[in-house]
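Structure assessment
Take a look at the letters that make up each chain.
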Amino acid sequence: MDFGWKMRCERFAAIDFETANGRRSSICSVGVVVVEDGEVVDKAYTLVRPTPDFYTRWTTAVHGLTAADTRYAPDFEEAWARIEPRLRDLPLVAHNSPFDEGCLRAAHEAYDLAYPRYTFFCTCRMARKMYPFLANHQLHTVAAYCGYDLTRHHHALADAEACAYIALSMMREKGVVSLEELKAACYSR
């Protein structure tokens, strides 16, 4: 996928999780987009059999996934074993990162896996600083403001792609080349 510009920037990964119910460990899908020099160089999407394995009507109404969709999907441990090598040593960015980081931590805990020390950045928090005039700072609103057409909102890969685009757009606007520099630029007076 080409976002339409090439820019020098650090390699990073945008990540998004969808959950089956109110438990953060109940990851039912994950999307990852790896960006290098302003271009997507890798992406991954998988359904995940959630833990605990049940869906609420509310979550299904949000993302459209049901128990039938994930019945034969890999559990988190198997799915993460395929995805984690793509993320090794990369900073992660998510829109509303406390949710996504919370999901990742809860799933590691549910499977008694050691949690790597990922560095997370949040495009939602940075958007609140950069674009206080927006009506809200939901992913689809910020994506639209930055020029990204998010047509499959709440599909984990589509949301990860939107987050990557937002991060790159903000980096370009601030004239920075890393997520750390972007965060600093957003929070400086």
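Below is a short write-up of the structure. (Residues numbered from 1 in each chain as written. Predicted model: local features only at pLDDT ≥ 70, side-chain atom pairs only at ≥ 80, totals over all residues. Heavy atoms only, no water.)

**Here we look at the pattern of salt bridges**
For clarity, the cut-off: What counts as a salt bridge is simple: a side-chain nitrogen of Lys or Arg found within 4 Å of a carboxyl oxygen of Asp or Glu. A run of H or I in DSSP counts as a helix once it spans at least four residues, and a run of E counts as a strand once it spans at least two, with each numbered from the N terminus. Buried residues are those whose accessible area, probed at 1.4 Å on protein chains only, stays under 20% of the maximum for their type, while exposed residues exceed 50% and partly exposed ones sit between those limits.
If you walk through the whole model with that rule in mind, you get six salt bridges. One salt bridge connects arginine 86 with aspartate 42, and the closest N-O pair in it is separated by 2.8 Å. Taken together, the positions of arginine 86 in helix α3 (residues 76-87) and aspartate 42 in strand β3 (residues 39-47) put the pair 44 residues apart, joining distant regions of the chain. Overall, the relative accessible area of 31% leaves arginine 86 in the partly exposed class. Here arginine 88 ties to glutamate 84 by a salt bridge, and the two come within 2.6 Å at their closest N and O atoms. Judged by its relative accessible area of 16%, glutamate 84 falls in the buried class.

**Topic: the sheet that holds β3**
Put simply, the test is: At least two DSSP bridges between two strands are required for those strands to pair. All axes are obtained by fitting lines to C-alpha atoms, using only the stretch in contact for helices, and the reported angles, taken between N-to-C directions, cover 0 to 180 degrees. Here a residue-residue contact requires only that any non-hydrogen atoms of the pair lie within 4.5 Å.
Here five strands make up an open sheet; going across it, the order is β3-β2-β1-β4-β5 and the pairing mixed. Edge strands, defined here as strands with exactly one partner in the open sheet, are β3 and β5 (120-122). Taking each pair of neighbouring strands and ignoring which way they run, the sheet shows an average axis angle of 25°. Two elements, strand β2 (residues 27-36) and β3, share eight bridges in a ladder whose sense is antiparallel. Looking at the pairing, valine 34 lines up with aspartate 42 of β3. Against the sheet, helix α4 (residues 97-110) engages β1 (12-19), β2, β4 (92-94) and β5, with an angle of about 75° to β1.

**Describing the side chain of histidine 137**
Applicable threshold: Pairs of N or O atoms are called polar contacts if they sit within 3.5 Å, as long as, within protein, a hydrogen donor faces a hydrogen acceptor (for residues adjacent in sequence, only side-chain-to-side-chain pairs).
By the element assignment, histidine 137 lies in the loop between α5 (123-130) and α6 (139-146). The class for histidine 137 is buried, based on a relative accessible area of 14%. A distance of 2.7 Å separates a polar atom in the side chain of histidine 137 from the backbone oxygen of tyrosine 131. For histidine 137, the contacting residues outside a window of four places in its chain are His95, Cys124, Ala127, Arg128, Tyr131, Pro132 and Val142.

**Observations regarding the packing of α5 against helix α7 (residues 156-174)**
Stated formally: Put simply, angles under 35 degrees are roughly parallel, angles over 145 are roughly antiparallel, angles from 65 to 115 are roughly perpendicular, and the rest are oblique. It is the rotation of the near helix from the far one that decides the hand of a crossing: anticlockwise by less than a right angle makes it left-handed, clockwise makes it right-handed. Residues are sorted three ways: Asp, Glu, Lys and Arg are charged, Ala, Val, Leu, Ile, Met, Phe, Trp, Tyr, Cys and Pro are nonpolar, and all the rest, Gly among them, are polar.
Look at α5 against α7: their axes get within 11 Å of each other, and the N-to-C directions meet at 40°. The angle between α5 and α7 falls in the class oblique. In the crossing of α5 with α7, the sense of the turn from one axis to the other is left-handed. On α7, the residues touching Thr123, Met126, Ala127 and Met130 of α5 are Cys163, Ile166, Ala167, Met170, Glu173 and Lys174. Considered class by class, the residues forming the contact of α5 with α7 number seven nonpolar, one polar and two charged.

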